[in-house]
Amino acid sequence: MTLIARRLAGHLARGFVMILVVATISFFIINNIPGDPMAARFEKLIEQGMSPDAAAQSVKVLYGFQPDGTLWQQYLDYMGGLLRLDLGESVTRPGTPVLDVLAEKAKWTVLPVLAGTLLSFLVGVILGVYAAIKRTGKLGDALAISGSLLHGIPQYVLAMLLVVIFATLIPILPADGPVDILFEPGFNAGYIGSLAEHAVLPVVTYALSAYGGWILAMKSSVVTVLGDDFILAAELRGMKRSIVFRYIARNAILPLFTILALSLGLLLGGAVFIEKIFNYPGLGLLLIDSVNDRDYATMGGAFLLITVAVIVANIVADLFYTVIDPRVRSGEEAR
Amino acid sequence: MSATLIPEAGSATATMRRNFWQGVWRVMKRKPSRMAGVVIVVGFAFMGVFGPMFFPEHLPGNVEAITQPPSWEHWFGTDPQGRDVLALVITGSRYVLLCAAVTALITVVVGTGLGLFSGFKRGRWDTVIMRVTDMKLTIPGLPLLLVLATVWKFGSPIQMGLVLGLLGWGGVARAVRAQTLSLRERGFIEAARGLGLSTGHIVGKELLPSMAPYIAMNMLIAVTGAVYAQVGLFFLGVLPYESDNWGVMLNLAVFQAGAMIQPNALGYLMAPLLAILLLTLGIVLVVDAMDEIFNPRLREE
Amino acid sequence: MPEQAPGVRIGGLTVVYKTSAGELPAVRDVSLTLEPGTITGIVGESGSGKSTLALSLLNAVQPPGRIAAGSVEIDGLGDVAGLRGEQLRKARGKHIGYVFQAAQNSLNPLKTVGKQLLDLGRSHGVEDLPGLVREAKELLGRMGLDGARVLDSHQHELSGGMRQRVGIMLALVLNAHLVVLDEPTTALDMITQANILKIIREVHAERGLTTLVITHDIGVVAEVADRLAVMYGGRLVEQGPTREVLGAPSHPYTRGLIKAIPRLVGDIDEARALPGRPPTLTTVPDRGCVFRDRCALRMDVCDTEDPAAVPHGSRIVACHAVTVKEHA
C-alpha cells in the first residue's frame, strides 16, 4: 500500500471510531431525555387506537429504535439504522426522513463556512507575509495586533457587532435570512443577487473570526523561514528574487495546513451561533430548533453530521499536508 | 539590583524571588498593555465578588422607562423591565466568574493529573489518554453542549463549570504531558530517581513548579473558552433562566427587545458584549505577559 | 569574466553591526591579498569576525551589519563592496562560489537537489540546462557520489558529508573561479573531514581556482592552505606562508594558539591553554591592541595605540612588541 493510502486508512479507522462514539452519545442522550418522549408517543399512539406492534414500529421509524426492549437491543437497532443511513424521521416535519432534511440544510452551513475560510485564508496569508517582513515597523505591529484582537473575540460577539453596525445603525446589509422571499428561486439575477447580499455578513463574520489565526500563524511561519539557512544560501548562490520568494512562500505556508482542520472545526462548531443570529437555515440552526422543538431524531442527525464534517475536514487537511511535504513521506516510508 | 552575600540559604531564595518579581515588574512596565490586562482581570474578579453586594436582591424596575437607550441616568439604558443595564451587568458578573472559577479548577486538576500520568507512564496508557483527548478536541464543543443540554439542564454556575471543565481539560493535559516528556528527556526524572527520591517528591517538588506557568496559561485560555461557551449557551436559550447573567441578557436583548432591529435596546445589547470583550481581552493580555515572562526566548533583554 | 583564477585584494575593510550601544565593528581595518591560484586559510575563534569577512567577499553582510569602510577588489568584478542589485546577484554563484558549513541546512527541504540546481541555472541565464545537469553529475561523481541519485534526493535524505559535497558542487557548477568555504569540515566525522579536504585540494588544482577556507581548526589550515591568516577580535593579527607561520609564529596570539595544541608525541602537559577569553562584539576595546589583556608581551603603548600591520619579509604582523623586536 502506498504511504498515502496507508495514512488514509488510518484516518478512516479513527474517524469511524469517533463517529461511533458520537453516535453512541447521541443514542444515550435520546434514550434518557427526561419525560421519555418515545414512551409518551407510544402511549399516545395506542390511545389513538393503534395496535401496540404498529405503534412500536411507528416509534422505531421515527427514532431508530423501539421504546421498549433491552438497552442493547435498542442500541443495535439504532446503529443498524445509521449504517443504512436511516436517521429516523423528523417529528416536526411528519413523514420526512431526517436524512432529507439534513441534505437540504447542509449547503447553507457548508458553503458560507468554506467561503469564510477561503477568504480569511487568502487575506490572512497575504497580510501575514507583510506583517513578517515589516515586523519592526508600525504597519507590521498594527497588523499583528489586529490579528490578536480578532482572534480573541468570540464569534457571536463579532456577529452581533457586525449586525449592529451594518444592519441596524447604518442599514446597508441585511441580516435576516438567506434570501429575500420576494425573489423566485432559480438562476435569475434577482435571486442570485439577493442571495449574495444576504450572504455577505455571515461570510464576513466567519472570515473575521478565522482571520486572526491565519495572520498570526503566517507571520510566525514566515519569520521562521526567513531565518532559515537555505534562504541565505539561495541568495548567496545568486538565485533570482522571484525564485527565493517562491522558496519562502511554499515553506511558510506548509505548517498552516495543520491549522486548516482546526479552523474549519471551529467555524463549523460556531455555525450554531452565526446561523441563529442571521437566521440562516443551516445545520446549526437546525440543531437549535430541533432541540427546542423536541425533535430528537433530527437533533441527533444534525449533531452527527456536523461532527462528520469536522472529521472529514481533519482528514482532508492531513492528507494535503502529506502530499505536499516530502519529509513526511520519506519519514513514513523509512519505518 | 544586587544579590547580597549573606551565606544563608533562606536569604538567597528570598533574593532570587525578589529578583524574579523585579523582572516581572520590568516586563510589565515595558508594555503597559500587560499591566492593563492584570488590572482588568483583577477588576472583574472584584466586581464578581463584591459587585452584587452593592445592589438589592431584585433590582428595582421602572415601568415607565422600559428599554431606554443610554442616558446620563442609566449609562447603558434599561432593560424591558426598566432595570438599569449597568447594574445588571455587574450583578450578572458573579455567575460568569463563579462558573469560570469552577471550570478553571477542574481543568487544572483533571488536566494536570492526566497529563502527568500520561507523561510519566507512557506506553499504552499514554496512547489511550491522548487518543481520548484528541477525540474530545475534534468533536465540536458547542453542538455537543447543546445536545447535552437536552438531558441535563446544567444551569447553575457550579454545574455549568463542571460540564465545561470536564470538556475543557484537553489543552492543559496536552501541555503538561509535553512538559513532562521534555523534562524526562532531559534526564530530570532519572536523576531524581537515582537520588532515591520518591515519586511524590519528584512530582511535587521537581516537576510541578517548572510546569506551573504553562498550566496557568492553558488554564486561562480554557477559561476564555468557557466564558464564551456559557454565555453562548444562555444566549441560544437552551438552558432555563438562571439569573440575570450576561448570556441571558444577550438573549433577551436580541430576541425580546429586538436590539438588532431598533437602536433603542442597543445599550442593553452592548453592555454585556463589552463586558465579555473586556474580560477576554484582559485574560489574553495576562497570558501574553506570562508568556513573555516565562518563555525566555521571547524576552528582549 | 576571467577564465583563470582571480586575485582578491581586501583593503582596509571595516564591517560594523548596529547594536543598542551603537555601531560596533565586527571586522576592523583588515587588509588581505589572495594571490590568484592560491589557497588561503583564515583561522580564528568564534566571534573573531572570520565569517563576517567571508560574507563581505560577496557583499552579503546581513543587516543589522554593513560594510562601513574599505574595499574588496576581485579581478573581473571590481570592488564588490560597491556592487548592488542585479550586478551583485549575477556575480554571486557565477564568479564567486560560497560553500556553507556542513551543519547548516543550505538546501530547500521541500525540493530535490536537481530541481534546485535547475533553479540555479535559470537564475544565471544558463541556456543549456541538460549540460548543466551533466556537469553536476560529473562533479558529484568526481567526489565519490552517485550523481543521478543525489540529484533526485531531498536534503533530509542525505548525510552530512553528502550535503557538504552537494554544497561544493553547487559552488562550482557554474564555473566560478573564486571559491569561499566557511567551516567546510565542522560537524563532520574525522574520515569524512579528510575526504572533503582532499577533494578541496584536488578540485582547486584541477580547475585552477583561488580558494579561501575559513575555519577554527588549525589542522585544516595546515593541510590545505598555502597562506595562513589569523584573526582575533575583528583584526587580522598575522598572515604569511602556512609552514612559516605554524613553525615560527610571531604574534603572541598565534604563538598561544600553537602552544595550546597537544602534540602526538611528548609530554601532554607542555600544551598550555591561553588564559582569559576572546572578546565579543560588545567587549572589544575601541582603542589599543585587542589582545593586550591576555598578552605576555604587553607594553604601555599597547593600551593606547592600535598596532599597525607591518610586513616582515613574507609575514605581516600587527603587534607592537614584534615591530620593536624586528626593528631593534
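Model, not experiment: these values are computed from the prediction.

Calculation rules
- Residues numbered from 1 in each chain as written.
- Chains lettered and ligands numbered in written order.
- Predicted model: local features only at pLDDT ≥ 70, side-chain atom pairs only at ≥ 80, totals over all residues.
- Heavy atoms only, no water.
- Helix = DSSP H or I, 4+ residues; strand = E, 2+ residues; numbered from the N terminus.
- Rg over C-alpha atoms; globule rule 2.2 N^0.38 Å.
- Buried < 20%, exposed > 50% of the residue type's maximum accessible area, 1.4 Å probe, protein only.
- Contact = heavy atoms within 4.5 Å.
- Lys, Arg positive; Asp, Glu negative; His and termini not counted.
- Charge placed at Lys NZ, Arg CZ, Asp CG, Glu CD.
- Buried area = accessible area lost by both parts, 1.4 Å probe.
- Salt bridge = Lys/Arg side-chain N within 4 Å of Asp/Glu carboxyl O.
- Nonpolar A, V, L, I, M, F, W, Y, C, P; charged D, E, K, R; others polar.
- Pairing = 2+ DSSP bridges.
- Axes fitted to C-alpha atoms, helices over the stretch in contact; angles between N-to-C directions.
- Phe/Tyr/Trp six-rings, centres within 6.5 Å; stacked < 30°, edge-to-face > 60°.
- Patch = residues over 30% accessible without salt bridge, like charges linked within 9 Å, V, L, I, M, F, W, Y side chains within 5 Å.
- Areas by Shrake-Rupley, 256 points an atom, 1.4 Å probe, with all protein chains shown as cover.
- Polar contact = N/O pair within 3.5 Å; in protein donor to acceptor, adjacent residues only side chain to side chain.
- Arc of directions from axis to C-beta.
- Parallel < 35°, antiparallel > 145°, perpendicular 65-115°, else oblique.
- Left-handed = near helix turned anticlockwise from the far one by under 90°.
- pLDDT = per-residue confidence, 0-100.
- Right-handed = clockwise from strand over helix to strand, strands pointing away.

Colleague: Got a minute to help me understand the overall build of chain C in this structure?
Modeller: Each helix and strand in chain C was counted, giving 12 helices and 12 strands. Scaling as 2.2 N^0.38, a compact globule of 328 residues should have a C-alpha radius of gyration of about 20 Å, and chain C matches this with 20 Å. Each principal axis of the C-alpha atoms in chain C carries an extent, and together these give about 65 × 50 × 40 Å. Counting only residues that meet the buried cut, chain C has 54% of its 328 residues in that class. Contacts in chain C between residues at least 24 apart in sequence constitute 64% of all its contacts with a sequence separation of at least 6. Positive and negative side-chain charges of chain C, numbering 36 and 37 respectively, have mean locations separated by a distance of 3 Å.

Colleague: Help me understand the overall build of chain B in this model?
Modeller: Looking only at helices and strands, chain B has 11 helices and zero strands in total. In sequence order, the secondary structure elements of chain B are arranged as α-α-α-α-α-α-α-α-α-α-α. Buried positions account for 48% of the 301 residues belonging to chain B. Across chain B, the fraction of contacts at a sequence separation of at least 24, relative to all contacts at a separation of at least 6, is 67%.

Colleague: Explain the interface of chain A and chain C to me, please; I cannot follow it from the model alone.
Modeller: In many reports, interface size means the accessible area that the parts give up when they come together. Contacts between the two partners involve 19 residues from chain A and, on the opposite side, 28 residues from chain C. Between chain A and chain C, a total of about 2,200 Å² is buried, with carbon and sulfur atoms accounting for 61% of that surface. Three residues stand out in chain A for area buried against chain C, namely A:L236, A:R237 and A:Y247, and they jointly supply 33% of the buried area on that side. Linking chain A to chain C there are zero salt bridges. For the side of chain A that touches chain C, the elements supplying multiple residues, two or more each, are helix 9 (229-236), helix 10 (241-253) and helix 14 (326-334) of chain A. Element by element, the count of residues in the side of chain A that touches chain C is highest for helix 9 of chain A, at six residues. Looking at side-chain class alone, the side of chain A that touches chain C contains nine nonpolar, three polar and seven charged residues.

Colleague: Quick question: what am I supposed to make of the interface of chain B and chain A here?
Modeller: Taken residue by residue, the interface counts 37 residues in chain B and 40 residues in chain A. Counting each side, the surface lost to burial between chain B and chain A is near 3,300 Å², with a carbon and sulfur contribution of 86%. Counting only elements with at least two residues in the side of chain B that touches chain A, the list comes to helix 4 (123-138), helix 5 (141-151), helix 9 (199-236), helix 10 (246-255) and helix 11 (266-294) of chain B. Split into classes, the residues belonging to the side of chain B that touches chain A amount to 30 nonpolar, six polar and one charged.

Colleague: Whenever I open this one, the pattern of salt bridges confuses me. Can you help?
Modeller: Any two side chains of opposite charge can pair, so long as their charged atoms come close to each other. All names here are of chain C. Per the stated rule, a full pass over the model turns up 18 salt bridges over all chains. Close ionic contact of R315 with E238 constitutes a salt bridge, the shortest N to O distance being 2.6 Å. Placement of the pair is R315 in strand 12 (residues 315-317) and E238 in strand 10 (residues 235-241), with a sequence separation of 77 residues. Relative accessible area serves as the criterion here: at 1%, E238 is assigned to the buried category. The network of salt bridges with common partners includes R142, K198, E202 and E206.

Colleague: What am I meant to see in the sheet that holds strand 12 of chain C here?
Modeller: Strand-to-strand pairing in sheets goes through backbone hydrogen bonds, with the strands running parallel or antiparallel. All names here are of chain C. Taken in spatial order, the eight strands line up as 6-7-8-3-9-10-12-11 in an open sheet, and their pairing is mixed. Edge positions in the sheet fall to strand 6 (96-99) and strand 11 (310-312), since each has one partner strand and no second. Ignoring which end each strand starts from, the neighbouring axes of this sheet average 20° apart. Two elements, strand 10 and strand 12, share two bridges in a ladder whose sense is antiparallel.

Colleague: Mind showing me how you'd approach the packing of aromatic side chains here?
Modeller: How two aromatic rings sit relative to each other is given by the distance of their centres and the angle of their planes. Enumeration according to the criterion identifies 13 aromatic pairs over all chains in this entry. For the pair B:Y95 and B:F234, a centre-to-centre distance of 5.5 Å together with 80° between the ring planes defines the contact as edge-to-face. You can see B:Y95 sitting in helix 3 (residues 85-121) and its partner B:F234 sitting in helix 9, a full 139 residues away along the chain. The two residues B:Y95 and B:F234 agree in class, both being buried. Ring geometry for C:Y98 against C:F100: centres 5.0 Å apart, planes inclined by 65°, an arrangement best described as edge-to-face. For C:Y98, a relative accessible area of 4% gives the class buried. For C:F100, a relative accessible area of 5% corresponds to the buried category. Cluster of aromatic residues (ring-pair linked, three or more members): A:Y156, A:F273, B:Y228 and B:F235.

Colleague: Explanation requested: the sheet that holds strand 1 (residues 8-19) of chain C in the structure shown.
Modeller: The four strands are arranged 2-1-4-5 (chain C) in an open sheet whose pairing can be described as antiparallel. Edge positions in the open sheet fall to strand 2 (22-34) and strand 5 (78-79) of chain C, since each of these has one partner strand only.

Colleague: I'm lost on unusual backbone geometry in this one. Help?
Modeller: A negative phi holds for most residues other than glycine; trans holds for most peptide bonds. Residue C:P64 is reached from C:P63 by a cis peptide bond, and omega for that bond is 10°. The backbone of A:N279 shows a phi angle near 60°, a positive value even though the residue is not glycine. Assignment of secondary structure puts A:N279 in the loop between helix 11 (256-278) and helix 12 (283-292). A:N279 sits in the partly exposed class, given a relative accessible area of 44%.

Colleague: What is the right way to read a nonpolar patch on the surface from this model?
Modeller: A contiguous nonpolar surface patch, about 580 Å² in accessible area, is contributed by B:F46, B:V49, B:F50, B:M53 and B:F54. Assignment of secondary structure puts B:F46 in helix 2 (residues 32-50).

Colleague: Just to check I follow, could you spell out the pairing of strand 6 of chain C for this structure?
Modeller: Within a regular strand, side chains alternate between the sheet's two faces. All names here are of chain C. Here strand 6 shows two buried faces, one formed by I96 and Y98 and the other by G97 and V99. Relative to strand 7 (residues 178-182), strand 6 is paired through four bridges, and the arrangement is parallel. By the bridge assignment for strand 7, V99 is matched with L181.

Colleague: Can you help me understand the side chain of B:N251 in this one?
Modeller: Residues and elements named next belong to chain B. Turning to its location among the elements, N251 is positioned in helix 10. Within the structure, N251 has its side chain in polar contact with the backbone oxygen of F234 (distance 3.5 Å). If we ignore the near neighbours within four places in the chain, the residues touching N251 are F234, F235, L236, G237 and Q256.

Colleague: Got a minute to help me understand helix 2 (residues 37-47) of chain A in this structure?
Modeller: Since there are 3.6 residues in each turn of an α-helix, residues three or four apart along the chain are aligned in direction. Residue and element names in this part refer to chain A. Of all the positions in helix 2, only P37, M38, F42 and L45 are classed as buried. Considered in projection along helix 2, the buried side chains sweep an arc of 140° and stay on one side of the axis. On the buried face of helix 2, the contacting elements are helix 1 (3-31), helix 3 (52-63) and helix 13 (296-324). Looking one or two residues past helix 2, G49 carries a phi angle of roughly 105°, positive in sign.

Colleague: Which parts of the structure should I look at to understand the packing of helix 5 (residues 98-133) of chain A against helix 13 of chain A?
Modeller: Packed helix pairs are characterised by how far apart their axes lie and by the angle those axes make with each other. Residue and element names in this part refer to chain A. Orientation of helix 5 relative to helix 13, taken along the N-to-C sense of each, is 50°, at an axis distance of 10 Å. When the axes of helix 5 and helix 13 are compared, the pair comes out oblique. Taken as a pair, helix 5 and helix 13 cross one another with a handedness that is right-handed. Along the contact surface, helix 5 presents V98, L102 and A106, while helix 13 presents A297, T298, G301, A302 and L305. Among the residues making up the contact of helix 5 with helix 13, the classes are represented as six nonpolar, two polar and no charged.

Colleague: Mind showing me how you'd approach the environment of C:I196 here?
Modeller: Residue and element names in this part refer to chain C. Residue position: I196 is located in helix 7 (residues 190-207). Residue class for I196 comes out buried when judged on its relative accessible area of 0%. Sequence separation between I196 and M162 is 34 residues; the distance between their C-alpha atoms is 9.9 Å. Excluding its chain neighbours within four sequence positions, the residues that come into contact with I196 are G161, Q164, R165, I168, P184 and L188.

Colleague: I would appreciate a short explanation of the confidence of the model for chain B in the present structure.
Modeller: Caution applies to low-pLDDT regions: their predicted coordinates should not be interpreted in detail. All names here are of chain B. Mean pLDDT for chain B: 74, with 73% of residues reaching 70 or above. Per-element confidence in chain B is highest for helix 6 (residues 157-168), whose mean pLDDT is 83, and lowest for helix 1 (residues 9-30), whose mean pLDDT is 64. This model gives residues 1-9 a pLDDT under 50, and the stretch forms four contacts once residues within four places in sequence are excluded.

Colleague: I would appreciate a short explanation of the pairing of strand 7 of chain C in the present structure.
Modeller: All names here are of chain C. In terms of burial, strand 7 is a largely internal element, five of the five residues being buried. Where burial is concerned, the two faces of strand 7 agree: the one with L178, V180 and D182 and the one with V179 and L181 are both buried. With five bridges joining them, strand 7 and strand 8 (residues 210-215) adopt parallel strand pairing. Looking across to strand 8, one finds that V179 is bridged to T211. Tracing the backbone out of strand 7, into helix 7 and back to the parallel element strand 8 gives a crossover that is right-handed.

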